[in-house]
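Inside the fold
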Amino acid sequence: MPRVRDTRWELAAALRFFGRLGYEFGFNGHVSARAPEVPGHYWVNPFGVSISAVSPADFVLVDGEGQVVETRGNHAINGFAGNLALHRAAPEVQVAIHLHAPRGFIWSSLGEPLEAVNTDAALVVGLQGVSDKIWGGSGPSGAELAQAGKRVLWQKSHGVATWGGSVGEAAFYFWATERAADANLALRGIAGRSVLPADSLAKWTPSPELARAHFEVAFTLAEAEGLR
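Report follows, based on the coordinates.

Focus on the packing of helix α1 (residues 7-20) against helix α9 (residues 216-224)
- In contact at an axis separation of 9 Å, α1 and α9 are set at 95 degrees when each is read in the N-to-C sense. The orientation of α1 with respect to α9, classified from their angle, is roughly perpendicular. When α1 is examined against α9, the residues Trp9, Glu10, Ala13, Phe17 and Arg20 are found in contact with a partner set consisting of Ala218, Phe219, Leu221, Ala222 and Glu223.
- Residue composition of the contact of α1 with α9, by class: seven nonpolar, no polar and three charged.

Side note on unusual backbone geometry
- For Ser157, which is not glycine, the phi torsion reads 65 degrees and is therefore positive.
- Residue classification places Ser157 among the partly exposed positions, given a relative accessible area of 29%.

Quick notes on the sheet that holds strand β7 (residues 152-155)
- The strand order across the open sheet formed by eight strands is β4-β3-β2-β1-β5-β8-β7-β6, and the pairing between neighbours is mixed. Across the chains shown, the open sheet's two edge strands, defined by having one partner strand only, are β4 (68-70) and β6 (128-131). Between one strand axis and the next, the sheet turns through 25 degrees on average, direction left out of account.
- Where β6 meets β7, four bridges bridge the pair, whose relative direction is parallel. Bridge assignment links Val130 to a residue of β7, and that residue is Trp154.
- Lying on the sheet, α1 is in contact with β1 (29-34), β2 (42-44) and β5 (95-99); it crosses β1 at an angle near 160 degrees.

Here's the deal with the packing of aromatic side chains
- On inspection of all chains with the given rule, the structure shows 13 aromatic pairs.
- Consider the rings of Phe18 and Tyr23, whose centres lie 5.2 Å apart with planes at 25 degrees: the pair is stacked. For the pair Phe18 and Tyr23, one class covers both residues: buried.
- An aromatic cluster is defined as three or more aromatic residues linked by ring pairs; in this entry it consists of Trp9, Phe17, Phe18, Tyr23, Phe172, Phe174, Trp175, Phe215 and Phe219.

Some thoughts on the pattern of salt bridges
- Under the counting rule described, the total for this entry stands at 11 salt bridges.
- For Glu216, the salt bridge identified is with Arg5, shortest N-O distance 2.9 Å. One end of the pair, Glu216, is in helix α9; the other, Arg5, is in the segment before α1, with 211 residues separating them in the sequence.
- We classify Glu216 as partly exposed; its relative accessible area is 25%.
- For Arg5, a relative accessible area of 25% translates into the label partly exposed.
- A salt bridge links Arg212 to Glu216, with the shortest nitrogen-to-oxygen separation between them at 2.8 Å.

Topic: the packing of α1 against helix α6 (residues 167-187)
- Two elements in contact, α1 and α6, have axes separated by 10 Å at closest approach and are oriented at 15 degrees. With respect to α6, the element α1 is oriented roughly parallel. Relative to α6, α1 is oriented so that their crossing is right-handed. On α6, the residues that touch Thr7, Glu10, Leu11, Ala14, Phe17 and Phe18 of α1 are Val167, Ala171, Phe174 and Trp175.
- In terms of residue class, the contact of α1 with α6 is built from eight nonpolar, one polar and one charged.

Parameters and conventions
- Residues numbered from 1 in each chain as written.
- Predicted model: local features only at pLDDT ≥ 70, side-chain atom pairs only at ≥ 80, totals over all residues.
- Heavy atoms only, no water.
- Axes fitted to C-alpha atoms, helices over the stretch in contact; angles between N-to-C directions.
- Helix = DSSP H or I, 4+ residues; strand = E, 2+ residues; numbered from the N terminus.
- Parallel < 35°, antiparallel > 145°, perpendicular 65-115°, else oblique.
- Contact = heavy atoms within 4.5 Å.
- Nonpolar A, V, L, I, M, F, W, Y, C, P; charged D, E, K, R; others polar.
- Buried < 20%, exposed > 50% of the residue type's maximum accessible area, 1.4 Å probe, protein only.
- Pairing = 2+ DSSP bridges.
- Phe/Tyr/Trp six-rings, centres within 6.5 Å; stacked < 30°, edge-to-face > 60°.
- Salt bridge = Lys/Arg side-chain N within 4 Å of Asp/Glu carboxyl O.
- Left-handed = near helix turned anticlockwise from the far one by under 90°.

None of the figures reported here should be taken as evidence of function without further support.
Quick look at the structure:
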């Protein structure tokens, strides 16, 4: 019988998919999700395990203070503080994703929001906010942006984090943001570049349910490959 999908399985499937896309860079990158079976706790990806090979059994259980309470194969965690701040900011933040994907990391150095240079980019333009708090700036923090409902959180010169009410939702925003950053960088300064009108963006912004449905391709791929 096929494995019943649970939070850890979906996290592993998402990370393996992102590994295929080249989003892994050393130990940089942190995903986390509230553990439905242990309220007040989180499943966090393990330090030192490739996202291209991670399995559901590898995820580490941590408490509300970020302390490991249940290890998996003696794996530690790394860099969970930023994700924990998002989880604490709002109960809606069920899943948080921060990876050092190439194009988004480059774009973050500009400290600017993305523009809707095409309809793919328009999927996330209305969901984003920019923070410079990591460098002592005066703007809102990522947690404050999350509280305001922003699901795509730019950290100046430190990439982007996304969150959602499900693994699929948060993962799709991250995937779409990386594509949008690629398009924005490719078209920056190009003659004839255009931006979709602001009044058309609402129809392109996906609902949480639609965002999650868009990521179903990654889950079915993991099932076809027999992820356990």
